[in-house]
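# Summary of structural features
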Amino acid sequence: MPPAALTLPVPDDYVLARDVCSYGYFLLAPNLWSPHERRFITTLNTSRAAVTLTISQPPRHTRSAKPRSAGPITSARELLSTRGRPLHILPDRPLPPRDERLVRDQLTRMLNLTTTTRDLREFHRLDPRFKPLGRGRLFRSPSFFEDVIKTVTSCNVTWPGTISMNTRLCATLGRRSPTRRHAFPTPQALAAVAPARLRATCRVGYRDARLVDLATRFADGRVDVEWFENPSTPDADLRAALLDLPGVGPYAAHNILQLLGRYDHLPLDTESVRHARNVLSFKGTSRSLMKRIDAHFAPFAPHRFRSYWFELWNFYEARRGHSWTWDPATTGTTFTAAQLKP
DNA sequence: GGTAGACCTGGACGC
DNA sequence: GCGTCCAGGTCTACC
């Protein structure tokens, strides 16, 4: 018997194409956005095995709920035509009730479905530039663990290197689903690898011991995930705890904060400096530009990261087209500073 | 508190 | 095909 499809309700403003293709992690394994099919494919860990999900958002008036091959979205009207429509989810194996709950919980985190329409309205009131397309939700990973590891694999490396590390981590250490796609490694799987083997197989370089150390802390409970995910934990406490993690410095800590839904800190890196020089026409040393760009986005508090990020995103899209049209194998590998020099 | 240098990998480039 | 250079954030030692 073929596996039963699931339906996942979403907030009234939710648009799958726009909101999946809102942060670079949608281009990293085990995620795959297909611009031609207009569907998102990912592989998640459940209680014992992996499951691959094909997710689409059929517009109203579609007789069949099956994802259709319609080519990339070409207009804002077309993009927004699926707004608020429930997601259609096709798993590659039957899901017992417990696994179905795990899948729903992970997708809710990943697609940021708990962000409220009220929260987005507040952001758009502060920064109306992103109201017409309704931008504001940011894609993230199905777990805090995966967000932390992905962030560490994005430090001190060019974007193709980050893509390569995540692809190899999944292929080497991730569980395999029936359709032969691999989930992201669990903390236990990553903690069990010798650093030298991790370096050799996943090409993570000097990050080897740090990644295993991180995974071990998650696996043995020293990292209290519920505390990190708890909205009542103060930002300052979260930041301090993140900086205590191996491989996490100021940039990574601020990036993980935004992935936790805390948008008042900017992860400043060389990309920020490029943006300050090329787009905002600021002048000065890298150090002074970082201070200046931090101050520049102060009026958007507590949504500073959203304003900063979607401004950067607009810059990429002005050169490569809208993110939901990017082919993961070509455009998706070339959208950071070094590749976008005039 | 600030800074210099090491840490790895992969891509670009010159020969 | 080989060697060299460079980009990228964190960590440690040192002042």
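Presented here is a report on the structure given in the accompanying data block. (Residues numbered from 1 in each chain as written. Chains lettered and ligands numbered in written order. Predicted model: local features only at pLDDT ≥ 70, side-chain atom pairs only at ≥ 80, totals over all residues. Heavy atoms only, no water.)

### Remarks on the nonpolar core
Rule in force here: Nonpolar core, defined: a set of buried Ala, Val, Leu, Ile, Met, Phe, Trp, Tyr and Cys residues in which side-chain atoms within 4.5 Å join the residues together. Under the scheme applied here, a residue whose accessible area is under 20% of the maximum for its type counts as buried, over 50% as exposed, and between as partly exposed, the area being computed with a 1.4 Å probe on protein chains only. Helical segments are the DSSP runs of H or I of at least four residues, strand segments are the runs of E of at least two, and each set is numbered from the N terminus. Note that the domain bounds were set by an automatic or database domain assignment. Residues are treated as being in contact if the distance between any of their heavy atoms lies within 4.5 Å.
With 59 residues, the main nonpolar core has V20, F26, W33, L87, L107 and F139 as its most contacted residues. Counting residues per element, this core draws most heavily on helix α15 (residues 304-320), which supplies 8 residues. Shared between two domains, this core holds at least three residues of each, these being domain 1 (6-130) and domain 3 (233-323). Once you skip the residues sitting within four places of it in the chain, F26 turns out to touch V20, C21, N31, L32, W33, F139, W313, S323 and W326. Judged by nonpolar contacts, the second largest core, of 33 residues, contains F144, V152, L169 and F218.

### Focus: unusual backbone geometry
Here the amide bond leading from A29 into P30 is cis, since omega sits at 10 degrees, within 30 degrees of zero. Among the secondary structure elements, P30 is positioned in the loop between α1 (16-20) and β2 (32-34). The backbone phi angle of R38 is positive, close to 55 degrees, even though this residue is not glycine. Look at R38 and you get buried, because its relative accessible area is 16%. Phi is positive for N112, which is not a glycine, with a value near 55 degrees.

### A closer look at the protein's contact with DNA strand B
Convention followed: Proximity is defined per residue: if any heavy atom of the residue lies within 4 Å of a molecule or strand, that residue is considered near it. For the purposes of these results, a polar contact is taken to be a pair of N or O atoms within 3.5 Å, where, inside protein, one atom must be able to donate a hydrogen and its partner to accept one; residues adjacent in sequence count only when each atom of the pair is a side-chain atom. Each residue gets one of three labels, nonpolar for Ala, Val, Leu, Ile, Met, Phe, Trp, Tyr, Cys and Pro, charged for Asp, Glu, Lys and Arg, and polar for the others, Gly among them.
Within the structure, DNA strand B sits among N156, R199, R203, G205, Y206 and R287. Considering the 4 Å shell around the protein, atoms of DNA strand B inside it are sugar or phosphate in 90% of instances. At 2.7 Å, a side-chain N or O of R199 approaches a phosphate oxygen of DNA strand B. Note that a phosphate oxygen of DNA strand B is positioned 3.1 Å from one of the side-chain N or O atoms of R203. When grouped by side-chain class, the residues that make up the surface near DNA strand B number 1 nonpolar, 2 polar and 3 charged.

### Remarks on helix α13 (residues 270-278)
Considered for burial, the residues of α13 that qualify are E271, S272, V273, R274, H275 and A276. Those residues of α13 that are buried lie in contact with α14 (286-296) and α15. One side-chain oxygen of the residue at the start of α13 lies 3.1 Å from the amide nitrogen of E271, identifying that residue as D269.

### Digging into the environment of F218
Turning to its location among the elements, F218 is positioned in helix α9 (residues 208-219). For F218, a relative accessible area of 8% gives the class buried. Sequence spacing of F218 and P299 is 81 residues, and the spatial spacing of their C-alpha atoms is 36 Å. Each residue touching F218, except ones within four places of it in the same chain, is listed here: F144, F145, V148, P187, V223 and V225.

### Details of the side chain of D99
Structurally, the position occupied by D99 is in helix α3 (residues 97-110). The class for D99 is buried, based on a relative accessible area of 4%. Apart from residues no more than four positions distant in its own chain, D99 is found in contact with T46, S47 and R93.

### What about the protein's contact with DNA strand C?
Near DNA strand C, the surroundings consist of 15 residues, among which N156, G247, A252, D269 and T270 are the closest. With respect to DNA strand C, the backbone of V248 contributes an N or O atom lying 3.3 Å from a phosphate oxygen. A distance of 2.8 Å separates a phosphate oxygen of DNA strand C from a polar backbone atom of A252. Partitioned by chemical class, the residues of the surface near DNA strand C number 9 nonpolar, 4 polar and 2 charged.

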